[in-house]
Amino acid sequence: MSTPETVAARVAAEGVTATAYPNIALIKYWGKRDEALHLPVTSSLSLTLGVFATVTTVTLAEDLPADSVTVADGPAAQAFAAKVVGFLDLVRDSAGDHRRARVHTVNMGPTGAGLASSASGFAALAVAAAGAYGLDLDQRALSRLARRGSGSASRSIYGGFAQWHRGEGVGAEGDSSSYAEPVAAPLLDPALVVALVDAGEKSITSRAAMRRTVDTSPFYQPWVRSSEQDLRDMHTAIAAGDLAAVGEIAERNALGMHATMLGARPAVRYFAPGSMRVLDRVLALRAEGVVAYATMDAGPNVKVLCDRRDSAAVAAALGETDPAMRIIVATPGPGAAIGAPAESSA
Ligand code: DP6
């Protein structure tokens, strides 16, 4: 029988495991108004995927002098471990429990694929750490907590479509009003076909790139205004179940975001030659009558939104641009939750 005492004893011994999935923004988050609290300039809207889960276990450890952070193949890189420790400090302060922890985190997707692993990573860590330290948080509070790790993680608390509200003000007012919520889309049956374009050398991180864009790009403020309109239009398109409109708005919002980066000084450019080939193929698909629209984030990969029924054909068409390129068909996935992933969606 599972009494509160036996649950507590089991948690202490085995830790708490949580699973979360990456999300891809259709209306992008690009720029902060409060760097410390990760408060965004604009609201954003995303689709959580059913692939590439992150599975994280947090175990409290009385005996450790410092937190230990490990990944599938051993100790975590220094920069990542420091972010995890900073995040645990937030959780410990809220819980009034300053014990150290062992954190073990595994990404089920290809490592370094640039597929929003910070979103799934901090959503999984928020749920597992809140569980391990005994914080009883509802989804809104979990979303706010995940946001503190990485802004986009606020949206991976939810499955399917989610909107992250920018909230109002800065400091405590901003912190309490900036969280994600689910967006119902009963009339859509989408897929995102992910083309893993080979990047060559690694680019600047999204965090540094968005800071430089806000600080130096003359195109940033115009994009902020157009993104607010894009978000309103996106809600209309989702409510109408109009996938072509959803795709058109998502594509223009993403290309606009990349335009702000191209205007930064020095410019930030994530497009690689392979990205351009995929974008050209998407245009050709549309000319052939297939509803397919592209979005890109802080990397060269291209994600193509289409109807689930067209996803195999779209994947085959994108594959023609480079037979060696890896292509993954993703459909909407679940929100972050306690436990290991279901076999089929890992
Ligand atoms: C281009 O959430 O990774 O993917 O809050 O600094 O951790 P930090 O940034 P992050 O930025 C994601 C940017 C994006 C667009 C998006 O996901 O909305």
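Note that the structure is predicted; figures quoted are calculated from it, not measured. (Residues numbered from 1 in each chain as written. Predicted model: local features only at pLDDT ≥ 70, side-chain atom pairs only at ≥ 80, totals over all residues. Heavy atoms only, no water.)

## Concerning the packing of helix 2 (residues 78–95) against helix 3 (residues 117–132)
Helix 3 packs onto helix 2 with a crossing angle of 40° between their chain directions and a minimal axis gap of 11 Å. In terms of axis orientation, helix 2 runs oblique to helix 3. Relative to helix 3, the crossing made by helix 2 is right-handed. Taking contact as the criterion, the partners of Lys-83, Val-84, Phe-87, Leu-88 and Val-91 in helix 2 are, on helix 3, Phe-122, Leu-125, Ala-126, Ala-129 and Ala-130. Among the residues forming the contact of helix 2 with helix 3, the class breakdown is nine nonpolar, no polar and one charged. (Axes fitted to C-alpha atoms, helices over the stretch in contact; angles between N-to-C directions. Helix = DSSP H or I, 4+ residues; strand = E, 2+ residues; numbered from the N terminus. Parallel < 35°, antiparallel > 145°, perpendicular 65-115°, else oblique. Left-handed = near helix turned anticlockwise from the far one by under 90°. Contact = heavy atoms within 4.5 Å. Nonpolar A, V, L, I, M, F, W, Y, C, P; charged D, E, K, R; others polar.)

## Observations concerning empty space enclosed by the protein
Enumeration over the complete set of coordinates arrives at one cavity of 30 Å³ or more. Estimated volume of the largest cavity: approximately 60 Å³. Taken together, Thr-56, Phe-80, Val-84, Val-103, Thr-105, Gly-121, Phe-122 and Leu-125 make up the lining of the largest cavity. Looking at the lining of the largest cavity, the elements with two or more residues in it are helix 2, strand 9 (100–107) and helix 3. (1 Å grid on protein atoms, 1.4 Å probe; cavity = no way out; pocket = protein on both sides within 12 Å on 5 of 7 lines; lining within 4 Å. Points joined across faces, edges and corners; volume = space filled by probe spheres on them.)

## Let's talk about the sheet that holds strand 6 (residues 54–61)
On the basis of which strands lie adjacent, the open sheet formed by six strands has the order 8-7-9-6-1-16 and mixed pairing. Of all the strands in the sheet, the pair left with one neighbour each is strand 8 (74–75) and strand 16 (337–338). Strand direction decides the pairing type here: strand 1 (residues 16–20) and strand 16, joined by two bridges, are antiparallel. Note on strand 16: the bridge partner recorded for Thr-19 is Ala-337. Along the sheet, helix 2 contacts strand 7 (68–71) and strand 9; its crossing angle with strand 9, the most-contacted strand, is approximately 125°. Strands strand 1, strand 6, strand 9 and strand 16 of the sheet are contacted by helix 3, whose axis makes an angle of about 35° with strand 6. (Pairing = 2+ DSSP bridges.)

## Observations concerning the packing of aromatic side chains
According to the stated counting rule, one finds three aromatic pairs in the structure shown. Look at Tyr-220 and Trp-223: their rings are 6.1 Å apart centre to centre, the planes differ by 35°, and that puts the pair in the tilted class. Taken together, the residues span about one helical turn, with Tyr-220 and Trp-223 both in helix 7 (residues 220–240) at a distance of three residues. Judged by relative accessible area, Tyr-220 falls into the buried class, the value being 2%. (Phe/Tyr/Trp six-rings, centres within 6.5 Å; stacked < 30°, edge-to-face > 60°. Buried < 20%, exposed > 50% of the residue type's maximum accessible area, 1.4 Å probe, protein only.)

## Comments concerning the layout of surface pockets
Estimates place the volume of the second largest pocket at around 170 Å³. For the second largest pocket, the full set of lining residues is Leu-90, Ser-94, Leu-135, Leu-137, Ala-141, Arg-144, Leu-145, Arg-148 and Asp-175. Contributions of two or more residues to the lining of the second largest pocket are made by helix 2 and helix 4 (139–149). With four residues, the top contributor of residues to the lining of the second largest pocket is helix 4. For the lining of the second largest pocket, the class distribution of residues is five nonpolar, one polar and three charged.

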